Amino acid sequence: MQQKIMLITGASRGIGAAAALLAAEQGYKVAVNYVRNSDAADQVVAKIKEAGGEAFAVLGDVASEADVMRIFETVDRTYGPLTALVNNAGILEQHTRVADMDAARLNRVFATNVIGSFICAREAVRRMSTKQGGKGGAIVNLSSAASRLGSPNEYVDYAASKGAIDTFTIGLAKEVADEGIRVNAVRPGIIYTEIHASGGEPDRVDRMKANVPMKRGGEAIEVARAVMWLLSDEASYTTGSFIDVSGGR
Ligand code: NAP
């Protein structure tokens, strides 16, 4: 049977960490990427190993093309060519209106959320494509319900970067559909992770949950399950598609 090898960007915390743990349970060898928090990445790897799985931590900024090249080369050397990529690393910045956003902020958000996902997907396609000698594979992008909602008065830049991820998912899926690669996205709603602290409001989920039809925030594991389904053979005829994990919002 083909080995299952996965790279998850931003897997030291939050949704990426939950997906890494679940992937290892399902038999994937997991490359746990992080950018700053090596202790957290090491903890994810240790948990996976304690449970009998295989994983290693790999430092690198997805916004840097050189770092992405090095991350993929490290995965190649350690496990061989990947069969699954989760483009999960994403950032948002302090709540601000568009009228007050400067180009430096926009560049940071788009470099990580959009360009990082493109460059990682490019490297994955080069390894997976049956037209380039690969054995196929699957990619899941982390978008957001923000791509539908726009995030007014909070972070329209972040929402627009996720809109770009939606379009990227549709376009890339069609481009590589006959090369053995499926490309899908998950759009989480408001999930309990540390991302909200970087927007300046650690308790944002609890403030917002009354607006969610299910009247609660989501857990990272609930998002991870959708990611893993899209990567699995259960989703063998699903590409260019989206799962909203947002409690009905
Ligand atoms: P989080 O808790 O803030 O964790 C972010 C992860 O990304 C960390 O592992 C961080 O690494 C890593 N990271 C940040 N910038 C990076 C970079 N430039 N290169 C590599 N890794 C980087 O985030 P989360 O809430 O789990 O979000 C994960 C994804 O889901 C994001 O794409 C986010 O936009 C999306 N999402 C989240 C929510 C939500 O409510 N939480 C809702 C919709 C969509 P370090 O630990 O080293 O800093």
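In the block above lies the structure referred to throughout.
Along every chain, residues carry numbers that run from 1 in the direction the sequence is written. Since the coordinates come from a predicted model, pLDDT governs what is reported: local features require at least 70, and pairs of side-chain atoms require 80 or more to be given and counted, while whole-chain, interface and lining totals use all residues. With hydrogens and water excluded, all non-hydrogen atoms of the structure serve as input to the side-chain values.

Digging into the overall build of the protein chain
Step number 1: Where helices and strands are cited, they refer to DSSP runs of H or I of at least four residues and of E of at least two residues respectively, numbered from the N terminus. For the protein chain, the helix and strand inventory stands at nine helices and seven strands.
Step number 2: Along the first, second and third principal axes, the C-alpha atoms of the protein chain reach 50 × 40 × 35 Å.
Step number 3: Each of the 249 residues in the protein chain was classed as buried or not, and the buried ones make up 52%.
Step number 4: Taking the intrachain contacts of the protein chain between residues at least 6 apart in sequence as the baseline, contacts between residues at least 24 apart amount to 72%.
Step number 5: Where accessible areas are quoted, they stem from the Shrake-Rupley method and a 1.4 Å probe; at the residue level, only the protein chains shown are allowed to cover. Accessible surface, the protein chain as shown: approximately 11300 Å² in total, 51% of it carbon and sulfur.
Step number 6: Residues scored as positive are Lys and Arg, those scored as negative are Asp and Glu, and His as well as the terminal groups of each chain are ignored. To locate a charge, the coordinates of NZ of Lys, CZ of Arg, CG of Asp or CD of Glu are taken. Between the mean site of the 28 positive side-chain charges and the mean site of the 29 negative ones, the protein chain shows a separation of 3 Å. Note on classification: 1.4 Å probe, protein chains only; a residue is buried when its accessible area is under 20% of the maximum for its type, exposed when over 50%, partly exposed between these limits. Note on definitions: a residue-residue contact is assigned when non-hydrogen atoms from the two residues lie within 4.5 Å.

A word on the side chain of Glu123
Step number 1: Among the secondary structure elements, Glu123 is positioned in helix H4 (residues 103-128).
Step number 2: Polar contact criterion, stated in full: a pair of N or O atoms within 3.5 Å, where within protein one must be able to donate a hydrogen and the other to accept it, and residues adjacent in sequence count only if both atoms are side-chain atoms. Only 3.0 Å separates the side chain of Glu123 from the side chain of Arg127, close enough to count as a polar contact.
Step number 3: Aside from chain neighbours lying at most four places away, what touches Glu123 is Val68, Met69 and Phe72.

Re the pattern of salt bridges
Once the charged atoms of two side chains with opposite charge are near each other, the side chains can pair.
Step number 1: By convention in these notes, a salt bridge is any Lys or Arg side-chain nitrogen within 4 Å of a carboxyl oxygen on Asp or Glu. On inspection of all chains with the given rule, the structure shows 19 salt bridges.
Step number 2: One salt bridge in this structure joins Asp244 and Arg148, with 3.6 Å as the shortest N-O distance. On the criterion of sequence distance, the pair formed by Asp244 in strand S7 (residues 242-245) and Arg148 in helix H5 (residues 146-149) is long-range, its members being 96 residues apart.
Step number 3: Classification of Arg148 by relative accessible area gives partly exposed; the value is 37%.
Step number 4: Residues joined by salt bridges that share partners form a network here, namely Glu65, Asp76, Arg122, Glu123, Arg126 and Arg127.

Brief notes about unusual backbone geometry
Leaving glycine out, the prevailing phi sign among residues is negative, and the prevailing peptide bond configuration is trans.
Step number 1: Notably, Ser151 is not glycine yet its phi reads approximately 50 degrees, a positive angle.
Step number 2: Positionally, Ser151 belongs in the loop between H5 and helix H6 (156-176).
Step number 3: Even without glycine at this site, Lys215 takes up a positive phi of about 60 degrees.
Step number 4: Tracing the chain through its elements places Lys215 in the loop between helix H8 (204-208) and helix H9 (220-231).
Step number 5: Its relative accessible area of 54% is what places Lys215 among the exposed residues.

With respect to the environment of Gln3
Step number 1: Tracing the backbone shows Gln3 in the segment before strand S1 (5-8).
Step number 2: Gln3 gets classed as partly exposed once you look at its relative accessible area, which sits at 43%.
Step number 3: The sequence separation of Gln3 and Pro81 amounts to 78 residues, and the corresponding C-alpha distance is 9.6 Å.
Step number 4: For Gln3, the residues in contact, after removing those within four places along its chain, are Lys29, Tyr79 and Thr83.
Step number 5: At a separation of 3.4 Å, a polar atom in the side chain of Gln3 contacts the side chain of Lys29.

What about the side chain of Thr96?
Step number 1: As for its position among the elements, Thr96 is in the loop between strand S4 (84-87) and H4.
Step number 2: In this structure Thr96 comes out as buried when scored by relative accessible area, which is 18%.
Step number 3: Within the structure, Thr96 has its side chain in polar contact with the side chain of Arg105 (distance 3.1 Å).

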